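# Coordinate inspection notes
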Amino acid sequence: MNNPKYNKIIMLILGYILLWAVIPSLFLQGMFTDSADNISWTTIPLVDLLGTFKHPALGAWVLKFALKITPTSLSAILLLSASCILITYFYIYKLGREFLPKEKVLFAILFTSTLYYLNVRSLQYNQNIIMLPFWSAAVFYTYKSINTNLRKYWVYLGIVCGLGMLAKYEIAVIILVLAIYLIFNYKKSYNANPLIAAAIGLFIFSPNLVWLIQHDFLPINYMGMRADIDAPDGNNWLMHLINSLNYFKDQIGLLIYPIILAALFGKLGKFKINKDNKFSLMAGFAPFILVFLISFLFGIKIPAEWSYPFYLFTTLAFIQVCNIEVTPKRLNIVIGFVIFVHVCIFSVYFITMFCSHKISSINIPAEAIGKQTAKYLSLIHISEPTRQAEI
């Protein structure tokens, strides 16, 4: 491919895989507990793996296959995490190209990639990461569905929403936001297409729904425990306000950080709102607003990591609404800056981890422990395990 623009994209993709998947697979001594959870769930026979006490089981299904074709469990989770994030970028790019030139879309994706859950957090394979591609795909196919009304896009929308529910139940947030947007922008020409999409999504999700009912909604109860839904201050409106403000405080940096970078490196144009802008604003800001209101109305303490996907389209919406001017020179500067940021984050994280004497799930001398264990077993005349655990 001789197109310089596409060559840049390919090089950035390869650089991302090298930095956040290949190199960590060579040096990490352990893995995050969420990743270990998913690995443990792969030991359950596939026919019985319809759900877990924490999450639905799609992530474990995919990992079960990946473990068969990768040399170690660590390389499997790193490659799957990188794949989830790259697919997410693909759908952000696809949506952005519906109304913006390549330079502006790439500009938005570059700054979005500096959010910590799209770099450092990609070292773990958990349900937040697994959900990202389905979230971005649902937004893209909703846009294509309502603007083209082609049956295939409605079908795709139903498929990704159904699979998204099997990835993590939290995707219901964007499904609700998209459904509300569709209601207020409904056209008679859609006919039964939205119902077809809903039926397909429900059909895909139905095995897990049956499993939920049979197991007394264990994952939903787990979510309630994490969010302190049953906290004794549930009816105290002052605590409702405090919980929602704490959530706002935790999220505001993620919300405005890439926007500030885009404003600094781009040239602000004339502010405008049109049909496409409204959709981008909905995708970029409505999930945060909805969950903030839920936190306030019900007094729920929302864990910060539950909002990982909320800001995938925020920078794109800002660039579109404010008509940010992006020249080739500015784009090259941004590419260099973002590469520098990623390398700095990577270096600081790993230097800090390896220099730290604190033992954690991601910084544990697993190989040394394994050798000591094998030596101990041999000393007490127990045969050494034929298959050592892969880390």
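Quick caveat, the model's predicted, so the values are computed rather than measured.

On to the side chain of Glu170. Mapping Glu170 onto the fold places it in the loop between helix H7 (151–167) and helix H8 (172–184). Here Glu170 falls in the buried class, since its relative accessible area comes to 9%. Excluding residues that lie within four positions of it along the chain, Glu170 makes contacts with Asn128, Met131, Trp135, Trp306, Ser307, Pro309 and Phe310.

A contiguous nonpolar surface patch, about 490 Å² in accessible area, is contributed by Leu18, Val22, Leu26, Phe27 and Phe354. In terms of residue count, the dominant contributor to the nonpolar patch is helix H1 (residues 4–27) (4 residues). Residue placement: Phe27 occurs in helix H1.

Another aspect to go through is unusual backbone geometry. Despite not being glycine, Asp216 shows a phi value in the positive range, around 55 degrees. The topology assignment puts Asp216 in the loop between helix H9 (193–214) and helix H10 (218–226). Residue Asp216 is classed as exposed on the basis of its relative accessible area, which comes to 60%.

This brings us to the pattern of salt bridges. A full pass over the atoms with the stated rule returns 4 salt bridges. For Glu98, the salt bridge goes to Lys144, with nearest N and O atoms at 3.3 Å. Linking Glu98 in the loop between helix H4 (73–96) and helix H5 (102–112) with Lys144 in helix H6 (residues 127–148), this pair joins segments that are 46 residues apart in sequence. Judged by relative accessible area, Lys144 falls into the buried class, the value being 12%. The residue Lys168 makes a salt bridge to Glu170 at a minimum N-O spacing of 3.2 Å. Judged on exposure class, the residue Lys168 and its partner Glu170 are both buried.

This part takes up the packing of aromatic side chains. Taken as a whole, this structure holds 31 aromatic pairs when the rule is applied. When the centroid spacing of 6.1 Å and the interplanar angle of 80 degrees are considered together, the rings of Phe53 and Tyr222 count as edge-to-face. With Phe53 in the loop between helix H2 (33–41) and helix H3 (58–69) and Tyr222 in helix H10, the pair connects residues that are 169 residues apart, well separated along the chain. On the basis of relative accessibility, which here comes to 15%, the residue Tyr222 falls in the buried class. A centroid spacing of 5.9 Å and a plane angle of 45 degrees characterise the contact between Phe248 and Phe288, whose relative ring orientation is tilted. Of this pair, Phe248 sits in helix H11 (residues 237–265) while Phe288 sits in helix H12 (residues 275–298); the two residues are 40 residues apart in sequence, bridging distant segments of the chain.

Calculation notes
The numbers attached to residues start from 1 for each chain and follow its sequence in the written order. For a predicted model such as this one, the threshold for reporting local features is a pLDDT of at least 70, and the threshold for listing and counting side-chain atom pairs is 80 or more; totals across whole chains, interfaces and linings nevertheless cover every residue. The side-chain numbers reported here are obtained from all heavy atoms of the structure, hydrogens and water having been left aside. Secondary structure elements follow DSSP: runs of H or I of four or more residues count as helices, runs of E of two or more count as strands, with numbering from the N terminus. Here the term buried applies to any residue with accessible area under 20% of the maximum for its type, exposed to any over 50%, and partly exposed to those in between, with areas from a 1.4 Å probe on protein chains only. A contact between two residues is defined here by any heavy atoms of the two lying within 4.5 Å. Patch definition: residues with relative accessible area over 30% and no salt bridge; like charges joined within 9 Å; nonpolar side chains (Val, Leu, Ile, Met, Phe, Trp, Tyr) joined within 5 Å. Accessible surface area values rest on a Shrake-Rupley calculation with a 1.4 Å probe, where residue burial reflects the displayed protein chains alone. When a carboxyl oxygen of Asp or Glu lies within 4 Å of a side-chain nitrogen of Lys or Arg, that pair is called a salt bridge. Aromatic pairing here means that ring centres of Phe, Tyr or Trp (its six-membered ring) are within 6.5 Å. Orientation follows from the plane angle: under 30 degrees is stacked, over 60 is edge-to-face, and everything else is tilted.

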